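Tertiary structure, described
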Amino acid sequence: MKNKLSVVKIGGNVIEDEKALAIFLTAFAKLEGLKILVHGGGKLATQLATKLGIESKMIDGRRITDAETVDIITMVYGGLANKKIVAQLQAKNINAIGLSGADGDSIQAHKRPVKEIDYGFVGDIDGVNSDLISNLLSINLTPIFCALSHDGAGQLLNTNADTIASEIAIGMASTYETTLYYCFEKKGVLLDISDDNSVVKNINTDTYKELLSEGVIADGMLPKLHNCFHALNNTVEKVCLGDVTMLGKNTELFTTLTL
């Protein structure tokens, strides 16, 4: 019988809002069993870059990560955002430990090859050190991962937090009964973007294809759902999308994805 493990990815809009973050961390702290948190912090990084007079370059919503930007996101993701979360969880009696992918060689990646666009120092993940993460969990530490990986040759790489969450869940699925949660400001996948309660509660492979063809799943939700099904196709038990209430026991209004 495998132990249960929850891998939770928190959206950037929650991190920026102190009240929303406090509500989320209270719910995360109450989540039963072993757990891992993954976060980004893109808008905070943009704010700091602006204060320092460094231009943030985006293409189709994706950050171009030059050498200056790597320094900024390391300060924000691995420093400010990560340590604030860790400190607040300690106050809630969760013995959290903040990590980047370089710490303990936990997330290995390579620099994304240049095709039509040069994204700079952006990482595509090669592997997750599941033994290290299991060891941390075994001594009652709760890993808090920021959106940084490394290439093994001394270079930190900006890495999509949704992808990190998916790859960590996959890496842990052989040892634990793993559920992956994508926690953001919406209640789940919505049939009508203007109606917060129009949640599609259950999506499987066939439903997914139908929603794609109908244009219900589009834009920013496409890469998120891709990560969801990538995890499911690699032995992750279940994936859930929704707002903070899905981490509690008293709501059914969120999206659950299965094969």
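Here we summarise the structure given alongside this text. None of these values were measured; they are calculated from a predicted model.

**Comments concerning the nonpolar core**
Core analysis: the largest hydrophobic core is formed by 77 residues, its most contacted members being F24, I168 and V239. It is helix α4 (residues 67–90) that provides the largest number of residues to this core, a total of eight residues. Those residues in contact with I168, other than ones at most four positions away along the chain, are V7, I36, V38, I107, V128, I133 and F145.

**Thoughts on the environment of L137**
Within the secondary structure, L137 is located in helix α5 (residues 130–138). Using a relative accessible area of 3% as the deciding quantity, one classes L137 as buried. Sequence separation between L137 and G127 is 10 residues, and the spatial gap between their C-alpha atoms is 19 Å. L137 has contacts with L5, L34, K35, I36, P143, M172 and Y176, leaving out every residue within four places of it along the chain.

**As for unusual backbone geometry**
Phi is positive for D105, close to 55°, though the residue is something other than glycine. A relative accessible area of 35% means that D105 is categorised as partly exposed. Positioned with a positive phi, T235 is a non-glycine residue whose angle comes to about 75°. Inspection of the secondary structure assignment puts T235 in the loop between α8 (221–232) and β13 (238–242). A relative accessible area of 60% places T235 in the exposed class.

**Brief notes about the packing of α5 against helix α6 (residues 161–172)**
Running from amino to carboxyl end, α5 crosses α6 at an angle of 80°, the nearest separation of the two axes being 9 Å. Regarding the angle of α5 to α6, the classification is roughly perpendicular. Here S130, I133, S134 and L137 of α5 lie close against α6, whose contacting residues are I168, G171 and M172. The residue makeup of the contact of α5 with α6, split by class, is four nonpolar, three polar and no charged.

**A short note on the packing of aromatic side chains**
Counting across every chain of the model gives two aromatic pairs. Across the ring face of F28, the terminal group of K35 is positioned such that the distance to the ring centre comes to 5.4 Å. For the cation-ring pair, R112 lies above Y119, with the distance from its terminal atom to the ring centre recorded as 5.3 Å.

Rules behind the numbers
- Residues numbered from 1 in each chain as written.
- Predicted model: local features only at pLDDT ≥ 70, side-chain atom pairs only at ≥ 80, totals over all residues.
- Heavy atoms only, no water.
- Core = buried A, V, L, I, M, F, W, Y, C linked by side-chain atoms within 4.5 Å.
- Buried < 20%, exposed > 50% of the residue type's maximum accessible area, 1.4 Å probe, protein only.
- Helix = DSSP H or I, 4+ residues; strand = E, 2+ residues; numbered from the N terminus.
- Contact = heavy atoms within 4.5 Å.
- Axes fitted to C-alpha atoms, helices over the stretch in contact; angles between N-to-C directions.
- Parallel < 35°, antiparallel > 145°, perpendicular 65-115°, else oblique.
- Nonpolar A, V, L, I, M, F, W, Y, C, P; charged D, E, K, R; others polar.
- Phe/Tyr/Trp six-rings, centres within 6.5 Å; stacked < 30°, edge-to-face > 60°.
- Lys NZ or Arg CZ within 6 Å of the ring centre and 35° of its normal.

Purely geometric stuff here, so don't read any function into it on its own.
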